[in-house]
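Coordinates in review
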Amino acid sequence: METRTPVVLKVSLLLFAFGEALKGALQEVNLGLKVNRSPKIFSNLIGITLGTGIGCGFVINQNLFTGDNSSSAEIHNMSNLNNSNWNIEESVSTRGSGENKEAALYSFIQYGKALGFLLADVITLIDGLVVIGGGISAAWDLFAPAMFKAIHKKHRSANGNTCNRTTVKVFNLENEQEKQIFFKGTLEKIKVFANNSIYCDTMARTAVMRSKRKASNSISIGAYYFAISQLNNHKNN
C-alpha cells in the first residue's frame, strides 16, 4: 500500500528546517566561522528529523524550498541500501528497532548505515549544512559512527579505482577535533590586482550536526518567520 505523509506533518518537517536556518544551526555555524576569521558563509541547510520515520526540509539561500507541487524533500521515498524493494523509511524509522539490547545495537548500526548513504546522496544534490533533530537524534552515539562511515565510504569503479561519495568534505560537528578543523578551514591569500589581495577559504566542506533545541521549538520558529515572509509577499503583490 502506498504511504503518504500527512499534510500537517509534512509542513512541520519543512518548518523545522526553516527554523534551524534562520535562528538555529545555520547561524551557529556561521558565527563559529566568523570567530575563526573564515570568510566562508553557509546559506543552505538540509533539515532532517528522525522519529517514527524520517522527514526533511531544504532551505536554499535562506528561502524555504517548497517545490512546484508543494512536494519537496520527500526523501522517505528514496531508495534503500538494505533492500532494493524498500524505501529508505523502512530502515530509518522506529520499525527498524530490535527487541533486545543486542538486536537494538545492531539495528542502530543498520539505521546509521542507511541514513549515511542517504545523506551522502542528499548532500551531493543540495550543497548545504545538515542538521538532525527529532526524538531519535538522542541516540546519536549509537547510530552516528555507522552514519559517518557510510558517508565517507568510497565509490569503486569497474577498473578498481575509488573516489569519494561526496564532492565536498563532510565533518562531524559533534566531534571536537573535527569541529576545530571545520571552523578553521584553509585560508589562502589571493592576489586580485597588482597591489591588492584577499583571503579566501579554499576548503570545500559541509557538516552534519545535531539540533541544539527540540524539534517543536524549531518548527514554531520556522512557522513564525514563514508567516511573516508570506505576509510580506502579499503586501508586495
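The shown structure was predicted, so the numbers you read here are calculated from the model rather than taken from an experiment. (Residues numbered from 1 in each chain as written. Predicted model: local features only at pLDDT ≥ 70, side-chain atom pairs only at ≥ 80, totals over all residues. Heavy atoms only, no water.)

1. Comments concerning the pairing of strand β2 (residues 54-60)
What counts, and what does not: A simple rule labels every residue: compare its accessible area, found with a 1.4 Å probe on the protein chains alone, to the largest value its type can have, and call it buried under 20%, exposed over 50%, or partly exposed in between. Numbering of helices and strands runs from the N terminus; a helix is a DSSP stretch of H or I covering at least four residues, while a strand is a stretch of E covering at least two. Two strands pair if DSSP finds at least two bridges between them.
Counting buried positions over the 7 residues of β2 gives 6, a clear majority of the element. By the bridge criterion, 6 bridges tie strand β1 (residues 45-50) to β2 in an arrangement that is antiparallel. Across the sheet, L45 pairs through a bridge with V59, a residue of β2. Between β1 and β2, which follow one another and run antiparallel, lie 3 residues. Pairing between β2 and strand β3 (residues 63-65): 3 bridges, direction antiparallel. The residue bridging V59 from the neighbouring strand is L64, located in β3.

2. Some points on the nonpolar core
Across soluble globular proteins, nonpolar side chains have a tendency to be buried as a group. Note the threshold: Side-chain atoms within 4.5 Å are what join buried Ala, Val, Leu, Ile, Met, Phe, Trp, Tyr and Cys residues into a set we call a nonpolar core.
Ranked by internal contacts, the top residues of the largest apolar core, which has 32 residues, are I48, L50, L115, F143 and M147. Looking at this core, the elements that each hand over two or more residues are β1, β2, α3 (101-125), β4 (129-133) and α4 (140-151).

3. Section: the packing of aromatic side chains
What counts is decided by this rule: We call Phe, Tyr and Trp rings a pair once their centres come within 6.5 Å, taking the six-membered ring for Trp, and we label the pair stacked below 30 degrees between planes, edge-to-face above 60, and tilted otherwise.
Scanning the entire structure with this criterion turns up 9 aromatic pairs. Arranged with centres 5.8 Å apart and planes meeting at 65 degrees, the rings of F171 and F182 form a pair that is edge-to-face. Linking F171 in strand β7 (residues 169-172) with F182 in helix α5 (residues 176-184), this pair joins segments that are 11 residues apart in sequence. Just as F171 is buried, F182 falls in that class too.

4. With respect to the confidence of the model for the chain
For clarity, the threshold we go by: Known as pLDDT, the predictor's per-residue confidence is scaled from 0 to 100. The contact definition used throughout considers only heavy atoms, calling two residues in contact when any of these lie within 4.5 Å.
For the chain, the mean per-residue pLDDT works out to 88, and 92% of the residues sit at or above 70. This model gives residues 1-8 a pLDDT under 50, and the stretch forms 3 contacts once residues within four places in sequence are excluded.

5. Structural notes on the side chain of N172
Counted only if it meets this: Any N or O atom pair separated by 3.5 Å or less is treated as a polar contact, with the protein-specific requirement of one donor-capable and one acceptor-capable atom, and with residues adjacent in sequence counted only for side-chain atom pairs.
One can find N172 in strand β7. Look at N172 and you get buried, because its relative accessible area is 11%. Reaching out from N172, the side chain makes a polar contact with the backbone nitrogen of E174 at a distance of 2.9 Å. Once you skip the residues sitting within four places of it in the chain, N172 turns out to touch W140, F148, E178, K179 and V208.

6. A short note on the sheet that holds β3
The test is simple: Comment: axis = line fitted to C-alpha atoms, over the contacting stretch for helices; angle = value between 0 and 180 degrees taken between N-to-C directions.
If you walk across this open sheet you meet the 6 strands as β3-β2-β1-β4-β10-β7, and the pairing is mixed. Every other strand in the sheet has two partners, leaving β3 and β7 as the edge strands with one partner each. The average angle at which neighbouring strand axes cross in this sheet is 25 degrees, direction not considered. Packing of α5 onto the sheet brings it into contact with β7 and β10 (205-210), and relative to β7 it is tilted by some 135 degrees.

7. A word on the side chain of T166
Summarising the element assignment, T166 is placed in the loop between β6 (162-163) and β7. At 2.8 Å, the side chain of T166 and the backbone oxygen of V168 are in polar contact. Those residues within four positions of T166 in sequence are excluded, and the remaining contacts are A120, I123 and T124.

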